[in-house]
Amino acid sequence: MSAGPRYTLYHPGWYRRRVSVWWWLQNRSYAGFVLRELTSVFVAFFAGVYLWQLRALAQGPEAYAQFLARLKTPLFLALDAVAFVFVLFHTITWFNLTPKAMVVRLRGKRVPDHVVVGLNYVAWLVVSGVLAFILLRVRS
Amino acid sequence: MRRITPLLWLLFSAGGTVAAFLFPIHLLLLGLAVPMGWLDALSYESARALAKHPLARLYLLVFISLPLFHWAHRFRYTLYDGLQLKHLTTLIAVLCYGTALAGTVMAAYTLWKLG
């Protein structure tokens, strides 16, 4: 957050090894960390796709048809497939972090981590099922 | 900046939760199942009618806005650490949160214009 250190005239600069921009490829857990952070790019991408769909709906039937046709192009199919993998990775890493970010206590006892994580997965499946049910029922 | 940092972290985690729970199923349906022809697309009329429902409008605003702020916060720190751009702190923060804010305003305006 702070701007870099300010050196005074007689203060020698510190010796710092230059770190490559690719530092995170040298170690599996570093690579996992950066991939996890990069899931946010695909989250933003899909939020953008939804915004695009909304704008098409507001503009009229032709814009909506064009939107649907664009999603069928190989470019968007590939992007959506990659985004799906990254979004799933986001969901899994997010749920697994939940017990570390939020400690749940029941009658003074800490609820074990795997229970908190498990409840997240159950809630996720229920929510996904309800949404799929609503969206499929509107079609029929 | 320092004063709104807690708010930014709150938006980050709220958006991360929204994306974790809601994005996979919507992405699977809209991004893969419909374009691949496994599922018929919603007709214009029914899609618009669905989006106009007050609860759906609220849902869509949350669905678009919070994950954008989640991205802004996470991507900002990834740029600092990954690309070592610490000296561009202010510019990166303005671009990231500005994009999220612009997306939010655009979503709100579009939802309002749906009539």
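Residues numbered from 1 in each chain as written. Chains lettered and ligands numbered in written order. Predicted model: local features only at pLDDT ≥ 70, side-chain atom pairs only at ≥ 80, totals over all residues.

The subject of this paragraph is the overall build of chain B. Within chain B one finds four helices and zero strands. Going from the N terminus to the C terminus, chain B shows its helices and strands as α-α-α-α. The principal-axis extent of the C-alpha atoms belonging to chain B is close to 50 × 30 × 20 Å. Counting over 115 residues, chain B shows a buried share of 35%. For chain B, the share of sequence-separated contacts (at least 6 apart) that also reach a separation of at least 24 residues comes to 78%. (Helix = DSSP H or I, 4+ residues; strand = E, 2+ residues; numbered from the N terminus. Buried ≥ 20, exposed ≤ 12 C-beta atoms within 10 Å, placed from the backbone. Contact = placed C-beta atoms within 7 Å.)

What follows concerns the interface of chain A and chain B. Contact residues are listed per partner, giving 44 residues for chain A and 47 residues for chain B. Mapped by element, the contributors of at least two residues to the side of chain A that touches chain B are α1 (28–59), α2 (61–71), α3 (74–101) and α4 (113–139) of chain A. It is α1(A) that provides the largest number of residues to the side of chain A that touches chain B, a total of 16 residues. In terms of residue class, the side of chain A that touches chain B is made up of 34 nonpolar, five polar and five charged. (Nonpolar A, V, L, I, M, F, W, Y, C, P; charged D, E, K, R; others polar.)

Below, the discussion takes up the domain arrangement of chain A. Note on interface size: it is often stated as the accessible area lost on association of the parts. Residues and elements named next belong to chain A. In terms of domain boundaries, chain A breaks down into domain 1 (7–101) and domain 2 (105–140). Between domain 1 and domain 2, the C-alpha centre-to-centre distance is 24 Å. Its residues assigned to classes, the side of domain 1 that touches domain 2 shows two nonpolar, three polar and no charged. (Domains from an automatic or database assignment.)

Turning our attention to the environment of Leu42(B). Here Leu42(B) is to be found in the loop between α1 (5–33) and α2 (44–52). With 31 residues separating them along the chain, Leu42(B) and His73(B) place their C-alpha atoms 33 Å apart.

As a further point, take the nonpolar core. Taken as a class, soluble globular proteins show a tendency for nonpolar side chains to be buried jointly. With 42 residues, the main nonpolar core has Val43(A), Phe46(A), Val87(A) and Leu68(B) as its most contacted residues. When residues of this core are traced back to their parent elements, those giving at least two are α1 and α3 of chain A together with α1, α3 (54–82) and α4 (89–113) of chain B. The biggest single contributor to this core is α1(A), with 10 residues. When near neighbours in sequence (up to four residues on either side) are disregarded, Val87(A) contacts Thr39(A), Phe42(A), Val43(A), Phe46(A), Ala19(B), Phe23(B), Pro24(B) and Leu27(B). (Core = buried A, V, L, I, M, F, W, Y, C linked by C-beta atoms within 7 Å.)

Before going further, it helps to examine the packing of α3(A) against α4(A). All names here are of chain A. Across the interface, α3 lies against α4 with an axial gap of 7 Å and an inter-helix angle of 140 degrees. In terms of their interaxial angle, α3 and α4 are classed as oblique. Like other packed secondary-structure pairs, α3 and α4 cross with a definite hand, here right-handed. Each of Thr91, Phe95, Asn96, Thr98 and Pro99 in α3 lies in contact with α4, whose residues at this interface are Asp113, Val116, Val117, Asn120, Tyr121 and Trp124. Of the residues in the contact of α3 with α4, the class split is six nonpolar, four polar and one charged. (Axes fitted to C-alpha atoms, helices over the stretch in contact; angles between N-to-C directions. Parallel < 35°, antiparallel > 145°, perpendicular 65-115°, else oblique. Left-handed = near helix turned anticlockwise from the far one by under 90°.)

In contact at an axis separation of 9 Å, α1(A) and α4(B) are set at 30 degrees when each is read in the N-to-C sense. The angle between α1(A) and α4(B) places the two elements in the roughly parallel class. For the pair α1(A) and α4(B), the sense of crossing is left-handed. Contacts from Ala47(A), Leu51(A), Leu54(A), Arg55(A) and Ala58(A) of α1(A) reach α4(B) at Gly103(B), Met106(B), Ala107(B), Thr110(B), Leu111(B) and Lys113(B). Here the contact of α1(A) with α4(B) is built from residues that sort into seven nonpolar, two polar and two charged.

Compared with the 46 Å implied by 1.5 Å per residue over 32 residues, the 47 Å span of α1(A) between its first and last C-alpha is a close match. Remark: Gly60(A) follows α1(A) within two positions and exhibits a positive phi of approximately 140 degrees. (Expected span 1.5 Å × (residues − 1).)

Let us now look at α4(B). Compared with an ideal rise of 1.5 Å per residue, which puts 25 residues at 36 Å, α4(B) spans 36 Å between its outermost C-alpha atoms and is within 8% of the ideal. As for α4(B), its buried residues are in contact with α1 of chain A together with α3 of chain B.

Turning next to the confidence of the model for chain A. Chain-level statistics for chain A give a pLDDT mean of 89 and a share of 89% at 70 or above. The secondary-structure element of chain A with the lowest mean pLDDT is strand β1 (residues 105–106) of chain A, recorded at 84, while α2(A) shows the highest, at 97. (pLDDT = per-residue confidence, 0-100.)

Turning to the environment of Lys72(A), a few remarks are in order. Topologically, Lys72(A) is positioned in the loop between α2 and α3. Excluding its chain neighbours within four sequence positions, the residues that come into contact with Lys72(A) are Leu77(A) and Pro35(B).

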